[in-house]
Amino acid sequence: MNFQEILGHAREIGILKSSISSKRVAHALLFAGPEGIGKRLVARAFAKALNCASGQDDACGVCRDCLAFDSGTHPNLLEVWPTDKDGERDPLGLIRIDQVREIQGTLRFKAESGMKVVIVEGADRLMPAAANAFLKTLEEPPPDSVIILVTLKPSDLLPTVLSRCQRISFGPLPEDAVRAFLIENKGISPAEAGAVARLSEGSISRASVYIEEGAHQKRREVIERLSTLGPADSDEALKFAEELSKRDDLDDMLEFLKSWYRDRIVAFEGAPHLIANTDMQRNMKDSGVEDFNRLCSSFWAIEEAKKSIAPPRYGNKQLTLEVLLLKLSGAHLM
Ligand SMILES: [Zn+2]
């Protein structure tokens, strides 16, 4: 992938491109920002541009170096990421000392041409011993090399590591960009794409998971079902609670229900442009006149239910959801 093909991040890419054209590329960079917005793609595109035979500020995509990058075989690129005990990729795993040694080994020899680039994904997962060993490399990076640390949590990095890197902060993608991407690449309707784009908070990967796992359809179902429950439907509310309590994706479902109340609150407050479930607004009209205090207490009741069934409390799921659903339906007032 070239810079040109990357969605959004014009400012961040602009900084990198001008560093290439002015030949002032930093030897250590920190790419910080939320999950799933394309930090690693930008890092790879940067590595490719630095090694492209065209000598321009973006990769040409056709030279031998570009082709080697596209097939993942270019000798100047090394990518490392956190792994579990068995060496499998794991975002919650660790970057270990032998991986740092591999980086040092790669950088020991000068590149035949272009620049050696090491991309360290999940840099906040460097084990302390590995981080200390890595500091030496960051202190004296070999010429013609670039180390890019990628992280969601720059605050978890050692201050000594942070201070040696030029930091580039990535913001979430604009909602319009995510929406356009979803319409074009995922084949969903503009109204649905708008809702998913907003719920995914500027993250393409989160939006894709929503769609691929059908979560976005489940969101509609769970909200629709809730919005048909009235104070006289306590049996139905209890049945719904029992079904929900058996779901593996209960946490997501409760998040969707929260988003539904948040939407109704912002609509009540006269800020309909902040509604996330834009495709569900019809159901909102069916809910009739809203009671602001009840909407807020319902929102917090869902949050409280989420907490009480999660560790360390592990409350009884079915019981907690029964109390919650009776409250949300209004049956507890009868
Ligand atoms: Zn090229």
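In this text, all values refer to a predicted model and were calculated from it rather than measured experimentally. (Residues numbered from 1 in each chain as written. Predicted model: local features only at pLDDT ≥ 70, side-chain atom pairs only at ≥ 80, totals over all residues. Heavy atoms only, no water.)

## Regarding the domain arrangement of the protein chain
Alright, step 1. The domain architecture assigned to the protein chain consists of domain 1 (3-169), domain 2 (175-213) and domain 3 (217-333).
Alright, step 2. Taken over C-alpha atoms, the centre of domain 1 sits 28 Å from the centre of domain 2.
Alright, step 3. Of the residues lining the interface, 4 residues belong to domain 1; the matching set on domain 2 comes to 6 residues.
Alright, step 4. Both faces considered, domain 1 and domain 2 share a buried interface measuring about 390 Å² in area, 58% of it formed by carbon and sulfur atoms.
Alright, step 5. Of all residues in domain 1, Leu 7, Glu 35 and Gly 36 give up the largest surface area on contact with domain 2, accounting jointly for 81% of the area buried on that side.
Alright, step 6. At the junction of domain 1 and domain 2, the tally comes to 0 salt bridges.
Alright, step 7. If you look at where domain 1 meets domain 2, you find 4 residue pairs in polar contact (both at pLDDT 80 or more).
Alright, step 8. Grouping the constituent residues of the side of domain 1 that touches domain 2 by class yields 2 nonpolar, 1 polar and 1 charged. (Domains from an automatic or database assignment. Contact = heavy atoms within 4.5 Å. Buried area = accessible area lost by both parts, 1.4 Å probe. Salt bridge = Lys/Arg side-chain N within 4 Å of Asp/Glu carboxyl O. Polar contact = N/O pair within 3.5 Å; in protein donor to acceptor, adjacent residues only side chain to side chain. Nonpolar A, V, L, I, M, F, W, Y, C, P; charged D, E, K, R; others polar.)

## Thoughts on the coordination of the zinc ion
Alright, step 1. The protein atoms donating to the zinc ion are Cys 52 (SG), Cys 60 (SG), Cys 63 (SG) and Cys 66 (SG), with metal-donor distances spanning 2.3 Å.
Alright, step 2. Positions of the donor residues of the zinc ion, expressed as sequence spacing, correspond to C-x7-C-x2-C-x2-C.
Alright, step 3. Exposure remark for Cys 60: the relative accessible area of 33% places this residue in the partly exposed category. (Donors = N, O, S within 2.8 Å, 3.2 Å for Na, K, Ca; no water. Buried < 20%, exposed > 50% of the residue type's maximum accessible area, 1.4 Å probe, protein only.)

## Description of the side chain of Ser 259
Alright, step 1. Tracing the backbone shows Ser 259 in helix α12 (residues 250-268).
Alright, step 2. In this structure Ser 259 comes out as buried when scored by relative accessible area, which is 2%.
Alright, step 3. Not counting residues up to four positions away in its chain, the partners in contact with Ser 259 are Leu 199 and Asn 277. (Helix = DSSP H or I, 4+ residues; strand = E, 2+ residues; numbered from the N terminus.)

## Remarks on the nonpolar core
Alright, step 1. Of all hydrophobic cores here, the largest spans 71 residues; its most connected members are Phe 31, Phe 46 and Ile 148.
Alright, step 2. In terms of nonpolar packing, the next biggest core, distinct from the first, is built from 23 residues, Leu 30, Ala 130, Leu 138 and Ile 147 among them. (Core = buried A, V, L, I, M, F, W, Y, C linked by side-chain atoms within 4.5 Å.)

## So, helix α7 (residues 175-186)
Because an α-helix completes one turn every 3.6 residues, residues spaced three or four positions apart along the sequence face the same direction.
Alright, step 1. In a regular helix each residue adds 1.5 Å, so 12 residues correspond to 16 Å; α7 covers 15 Å between its end C-alpha atoms and thus fits that length.
Alright, step 2. Within the span of α7, buried status applies to Ala 177, Val 178 and Leu 182. End-on, the buried residues of α7 take up no more than an arc of 135°, which puts them together on one face. In α7, those exposed residues whose orientation departs by more than 90 degrees from the buried face are Asp 176 and Glu 184.
Alright, step 3. Residues of α7 that are buried in the fold lie against α8 (190-199) and α9 (204-212).
Alright, step 4. Of the residues flanking the end of α7, it is Gly 187, one or two places downstream, whose phi is positive at about 60°. (Expected span 1.5 Å × (residues − 1). Arc of directions from axis to C-beta.)

## A few points about the packing of aromatic side chains
Alright, step 1. Counted by the stated rule, this structure contains 5 aromatic pairs.
Alright, step 2. Over the ring of Trp 81 we find Arg 89, and its NZ or CZ is 3.7 Å from the ring centre. (Phe/Tyr/Trp six-rings, centres within 6.5 Å; stacked < 30°, edge-to-face > 60°. Lys NZ or Arg CZ within 6 Å of the ring centre and 35° of its normal.)

## Here we look at helix α5 (residues 128-139)
Alright, step 1. Helix length check: α5, at 12 residues, gives a terminal C-alpha distance of 16 Å against a target of 16 Å (1.5 Å per residue), a fit within 8%.
Alright, step 2. Looking at α5, one finds that the buried residues are Ala 130, Ala 131, Ala 133, Phe 134, Leu 135, Thr 137 and Leu 138.

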